[in-house]
Structures are given as structure tokens and as C-alpha cells.
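# Descriptive analysis of the structure
Listed below, chain by chain, are the residues.
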Amino acid sequence: MVRLAKFNENNFIDSAIAVAAQCGVGAVSMAAIAVKAGAPIGSVYHRFDSRNAILARAWLRVKSDFREEVASRWLGGDTWAGVHGLLDWCRRKPVYARFLLQCADSPDFSSGLSEELLAAVEEEQAALDACFERCAEAMPASKELDLDHMLLKFVLIDAPVAVVKPYLTQERPIPASVDAMLRASHDAVRGWAAHTTTP
């Protein structure tokens, strides 16, 4: 009879995401991942060359999930759909959301990665950037391209993240009132931006 492995790569990637989300990226180590997974540390090293390799795989999993469930809503230029999608994603997947918050302020973990894994990280980031650019292209053009991108980033990312961050970091539910607050902010910024568009 073939003995099935008790632990697999997904166990350790999930554990890395959980440790980073809870304690910060700096707390992620091979030992911490093993403890979180309840596995011998040798099992972690058997499947991953380094801490950075696990973090990169974790980043890829969370970023691709964000792109598929949130950034995909940006494509038609419906910015409120994008904001609403972000709120929904944060509520359904708070661990993923906290992981991205932790990564936003983390040191670069791409050093020492294989060419294949590094290429996958760059490809995923490029795909996410492309979603943003397609949303920008669908918006009415303003007199200043930099202003377009600054406002779009504020509406889609900066404002929603600033509002939900305290709830996520304190592991509290995001209340329904946040939707109304962000809708008012969204509409105000979009209304102001409409006055800057080229006639």
C-alpha cells in the first residue's frame, strides 16, 4: 500500500499566509511555518528551498485570487463595482486581506527565487497592473494622465484600504456602514473628477 504524505505544499503555503497575516511577514520562518502546520520542519524543507520560495508562492496565491475576484471588476471602468468587490473579498477572506496588508510594508522577498518562480511573480503583478490600466482606459480622459491614475488608485484601492484596515488588523467584522461611507467618498471623488475632464 502506498503511504500518502500527511503534509503537502498547500498546507505550508496556507500556514505561511496565516503566520504573515497574524504576525507580519518578518515572523514567517521555516520553523514558524512548520509549527503552524503541525509538521516536522524537515517536511517543509523537503518541499521548499527557502522561506522566500514559500512566501512567493503565498503571494502568488493571494494576488491571483484578488485579481480574479476584485481586479476583474475594474475592467469595464465601473469603479464602484471594484470597490464593492474589494469589500466583499475582505469580508469573505480576511486572512488573505491581512496578508496583503502585511506584504504592503514588507521587505522584498524575491531574492534567491528560481527563475521560474520569479517570472511567475512578475507575470502576476503585470496581470494586475493590466487590470488597472484597462480600467483607466475605460474612464473619461482628464487633462492630466497622472491625475487620472492618482484618482483611480485612490478610489479603487487607497480609500477602501484605509477604511477597512483597522477592522482587519483588529480582526473585527467590517460593518455595513463602511459601504455607505465608501460610496459617498467614491461618488464625491468621481463627481469632482468629472469637472477635470476634457470638454
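Read on for an overview of the structure. (Residues numbered from 1 in each chain as written. Predicted model: local features only at pLDDT ≥ 70, side-chain atom pairs only at ≥ 80, totals over all residues. Heavy atoms only, no water.)

## Remarks on the nonpolar core
Within the largest apolar cluster, 64 residues are counted, with the highest numbers of intra-cluster contacts made by Phe66, Trp74, Trp89, Cys90, Phe99, Val178 and Leu182. Mapped onto this core, the elements with two or more residues apiece are α1 (9–23), α2 (30–37), α4 (51–69), α5 (79–92), α6 (94–104), α7 (115–138), α8 (145–169) and α9 (177–194). (Core = buried A, V, L, I, M, F, W, Y, C linked by side-chain atoms within 4.5 Å. Buried < 20%, exposed > 50% of the residue type's maximum accessible area, 1.4 Å probe, protein only. Helix = DSSP H or I, 4+ residues; strand = E, 2+ residues; numbered from the N terminus.)

## A few points about the side chain of Arg98
Looking at the secondary structure, you find Arg98 in helix α6. We note that Arg98 is buried and unpaired, the nearest opposite charge coming from Glu171 at a distance of 4.4 Å. For Arg98, the contacting residues outside a window of four places in its chain are Ala21, Leu168, Thr169 and Glu171. (Lys, Arg positive; Asp, Glu negative; His and termini not counted. Salt bridge = Lys/Arg side-chain N within 4 Å of Asp/Glu carboxyl O. Contact = heavy atoms within 4.5 Å.)

## Focus: the packing of α4 against α6
Where α4 contacts α6, the axes come no closer than 10 Å and their chain directions differ by 120°. Compared by their axis directions, α4 and α6 come out oblique. Where α4 crosses over α6, the two elements pack in a sense that is left-handed. Contacts between α4 and α6 involve Leu55, Ala58, Trp59, Arg61, Val62, Lys63, Asp65 and Phe66 from the first element and Tyr96, Phe99, Leu100 and Cys103 from the second. (Axes fitted to C-alpha atoms, helices over the stretch in contact; angles between N-to-C directions. Parallel < 35°, antiparallel > 145°, perpendicular 65-115°, else oblique. Left-handed = near helix turned anticlockwise from the far one by under 90°.)

## Description of the packing of aromatic side chains
Under the criterion given, the structure shown has four aromatic pairs. The interplanar angle of 80° and the centroid separation of 5.2 Å between the aromatic rings of Phe66 and Trp89 together place this pair among those described as edge-to-face. Within this pair, whereas Phe66 is found in helix α4, its partner Trp89 is found in helix α5, the two being separated by 23 residues in sequence. Classification of Phe66 by relative accessible area gives buried; the value is 10%. Judged by centre distance (6.3 Å) and plane angle (85°), the rings of Trp74 and Phe132 are edge-to-face. Of this pair, Trp74 sits in the loop between α4 and α5 while Phe132 is found in helix α7, placing the two residues 58 residues apart along the sequence. There is no split in this pair, since Trp74 and Phe132 are both buried. (Phe/Tyr/Trp six-rings, centres within 6.5 Å; stacked < 30°, edge-to-face > 60°.)

The quantities given are spatial measurements derived from coordinates; they are silent on function.
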